[in-house]
Amino acid sequence: MKTYMANPDKIERKWYVVDAAGQELGRMSSEIAKVLRGKNKPEYAPFQDLGDYVIVVNAAKVKVTGKKLDQKIYYHHSDYVGGMKETTLREMLAKKPEFVIEHAVKGMLPKGPLGSKCIGKLHVYAGAEHEQQAQKPEELKF
């Protein structure tokens, strides 16, 4: 019996849309990372990019538990002395809600070239509208 290896040319990639309204950030992000990675497919291989495309809408309405809105802090440094800036999750959801989901999912993907390919298949929108209507995405339920 021979081992089946997925050929990158013959991989069938689907498009999924996820409604983030009312969903918990961490649980939703881990499920999105699985789909981007291709772990939901039977031909999964840890060294290949077999994942599907994911569109996330209503990123501004994502839910977090506990005191994370005020205690979770995002750090950014300008590479100058004293250039560290801190932003809480509450402020980040008000300014850039797309970044919150992208950052959470990116942390759950592998580091390096494989992770870069996977995160490129993620599209996040703050509102209910998205630009990928032509791909006819299916709704993804967790």
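Here the structure is shown first, and the text comes after it.
Residues numbered from 1 in each chain as written. Predicted model: local features only at pLDDT ≥ 70, side-chain atom pairs only at ≥ 80, totals over all residues. Heavy atoms only, no water.

Colleague: What is the right way to look at the sheet that holds strand β2 (residues 53-57) in this model?
Modeller: Two modes of strand pairing occur in sheets, parallel and antiparallel, and in both the strands are linked by backbone hydrogen bonds. Read from one edge to the other, the open sheet built from four strands follows the order β5-β2-β1-β6, with strand pairing classed as parallel. Since the sheet does not close on itself, it has two edges, and those belong to β5 (122-124) and β6 (138-139), each with one partner. Helix-sheet contacts for helix α1 (residues 25-37) involve β1 (15-19), β2 and β5, and the interaxial angle to β2 is about 155°. Together, β2 and β5 form the strand contacts of helix α4 (residues 97-107), whose direction differs from that of β5 by roughly 155°. (Pairing = 2+ DSSP bridges. Helix = DSSP H or I, 4+ residues; strand = E, 2+ residues; numbered from the N terminus. Contact = heavy atoms within 4.5 Å. Axes fitted to C-alpha atoms, helices over the stretch in contact; angles between N-to-C directions.)

Colleague: Is there a simple way to think about the side chain of His130 in this case?
Modeller: Following the sequence through the fold, His130 ends up in the loop between β5 and β6. What makes His130 buried here is its relative accessible area of 13%. From its side chain, His130 meets the backbone nitrogen of Gln132 in a polar contact 3.3 Å long. Separated by 3.4 Å, the side chains of His130 and Gln133 make a polar contact. The residues contacting His130, other than those within four sequence positions of it, are Val17, Ile55, Val57, Tyr125 and Pro137. (Buried < 20%, exposed > 50% of the residue type's maximum accessible area, 1.4 Å probe, protein only. Polar contact = N/O pair within 3.5 Å; in protein donor to acceptor, adjacent residues only side chain to side chain.)

Colleague: Can you help me understand unusual backbone geometry in this one?
Modeller: The phi torsion of most residues other than glycine is negative, and most of the peptide bonds are trans. A positive phi angle is found at Asn58, which is not glycine, with a value near 60°. For Asn58, a relative accessible area of 9% corresponds to the buried category. Phi at Asp79 is positive, roughly 70°, even though this residue is not glycine.

Colleague: Could you clarify how one ought to interpret the packing of aromatic side chains in this entry?
Modeller: When we look at a pair of aromatic rings, we describe it by the centre distance and by the angle of the planes. Inspection of every chain in the model, using the stated rule, returns two aromatic pairs. Between the aromatic rings of Trp15 and Tyr53, the centroid separation amounts to 4.3 Å while the plane-to-plane angle is 5°, which identifies the pairing as stacked. Placement of Trp15 in strand β1 and of Tyr53 in strand β2 is noted, with a sequence separation of 38 residues between them. Taken together, a centroid distance of 5.8 Å and an interplanar angle of 70° make the contact between Tyr74 and Phe99 edge-to-face. Of this pair, Tyr74 sits in strand β3 (residues 73-77) while Phe99 sits in helix α4, and the two are 25 residues apart along the sequence. With relative accessibility at 6%, the residue Tyr74 sits in the buried group. Taking the ring centre of Tyr74 as reference, the NZ or CZ of Lys72 above it sits at 5.0 Å. (Phe/Tyr/Trp six-rings, centres within 6.5 Å; stacked < 30°, edge-to-face > 60°. Lys NZ or Arg CZ within 6 Å of the ring centre and 35° of its normal.)

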